[in-house]
Amino acid sequence: MTQHIVCPHCHSTNRVPKDKLDGSAELSCGKCHQPLFNQHPAALNTAGLNAQIAKSDVPVVVDFWAPWCGPCRMMAPEYEKACAALEPKARLVKVDTEAHQDAGAQHNIRSIPTLAIFKGGREVDRISGARSAADLVRWVNGYIG
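Figured I'd write up the structure that's included with this text. Once a new chain begins, its residue numbering starts again from 1 and follows that chain's sequence as written. Whole-chain, interface and lining totals are the exception, using all residues; otherwise, since this is a predicted model, local features are given only for residues with pLDDT of at least 70 and side-chain atom pairs are given and counted only at 80 or more. Hydrogens and water molecules were not included; the side-chain quantities draw on all heavy atoms of the structure.

Before going further, it helps to examine helix α2 (residues 70–86). Only DSSP runs of H or I covering at least 4 residues are called helices, and only runs of E covering at least 2 are called strands; the numbering of each starts at the N terminus. Multiplying 1.5 Å by the residue count of a helix minus one yields the expected span of that helix. Helix length check: α2, at 17 residues, gives a terminal C-alpha distance of 25 Å against a target of 24 Å (1.5 Å per residue), a fit within 8%. Of all the bends found along α2, the most pronounced is centred on Ala76 and spans about 40°, while Pro77, a proline, follows it within four residues. Every buried residue of α2 is accounted for by Cys72, Met75, Tyr79, Ala82, Cys83 and Leu86. By the convention used here, residues are in contact when the closest approach between their heavy atoms is within 4.5 Å. Looking at the packing, one finds that the buried side of α2 touches β4 (60–65), β5 (91–96), β6 (114–119) and α4 (133–141). One axis is fitted to the seven residues ending at the residue and one to the seven starting there. The bend at that residue is the angle between these axes. Each residue gets one of three labels from its accessible area relative to the maximum for its type: buried under 20%, exposed over 50%, partly exposed in between, using a 1.4 Å probe on protein chains only.

Okay, structure coming up:
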């Protein structure tokens, strides 16, 4: 049994044996040879976000944020901690809605920070406002599996 994992660097799709997603093995992209997971949220543009959502078999958690947003900056270290706890069972990414306004418009982002979970190419849930790492892990774990 394999799962499709989209590289956060070159956006190519990799087939990874499901048993390798237990976190014990370092997984690298077959195309660019960069790590598929590094326990840090990947900063994506609109094309990268669309590739992750459309092609990834693991849930994709998106932090829609902006550099001028105080709550966004306050939550950033908590999002990092959640990423370290959740990868490789989920992909955590960040999209700067100031730099990539089309991504914010495409996903109807009205306030920031907004976090959305995508699974199977569709948005399955979203929350707004800063959250702790523990809250984020609890929320995302409800969609892993």
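So that's the structure; there's more coming.
Quick look at the packing of α2 against α4 now. Contact pair α2 / α4: the axes reach a minimum separation of 8 Å and the direction vectors enclose 45°. Accordingly, the angle class assigned to the pair α2 and α4 is oblique. The handedness of the crossing between α2 and α4 is right-handed. Judged by residue contacts, Glu78, Tyr79, Lys81, Ala82, Ala85 and Leu86 of α2 engage Ala133, Leu136, Val137, Val140 and Asn141 from α4. In this analysis, axes come from line fits to C-alpha atoms, helices being fitted only over the stretch in contact, and the angle between any two N-to-C directions falls in the range 0 to 180 degrees. Any angle that falls under 35 degrees is termed roughly parallel, while one over 145 is termed roughly antiparallel, one within 65 to 115 roughly perpendicular, and all others oblique. Helix crossings get a hand from a simple test, with the near helix turned counterclockwise from the far one by less than a right angle marking a left-handed crossing and a clockwise turn marking a right-handed one.

A cis amide bond links Glu87 to the next residue, Pro88, at an omega of 5°. Inspection of the secondary structure puts Pro88 in the loop between α2 and β5. Between Ile112 and Pro113 the backbone carries a cis peptide bond, its omega angle lying at -5°. Mapped onto the elements, Pro113 comes out in the loop between α3 (101–106) and β6. The backbone of His33 shows a phi angle near 65°, a positive value even though the residue is not glycine. Secondary-structure assignment places His33 in the loop between β2 (13–17) and β3 (42–43).

By themselves, these observations are geometric and do not establish any function.
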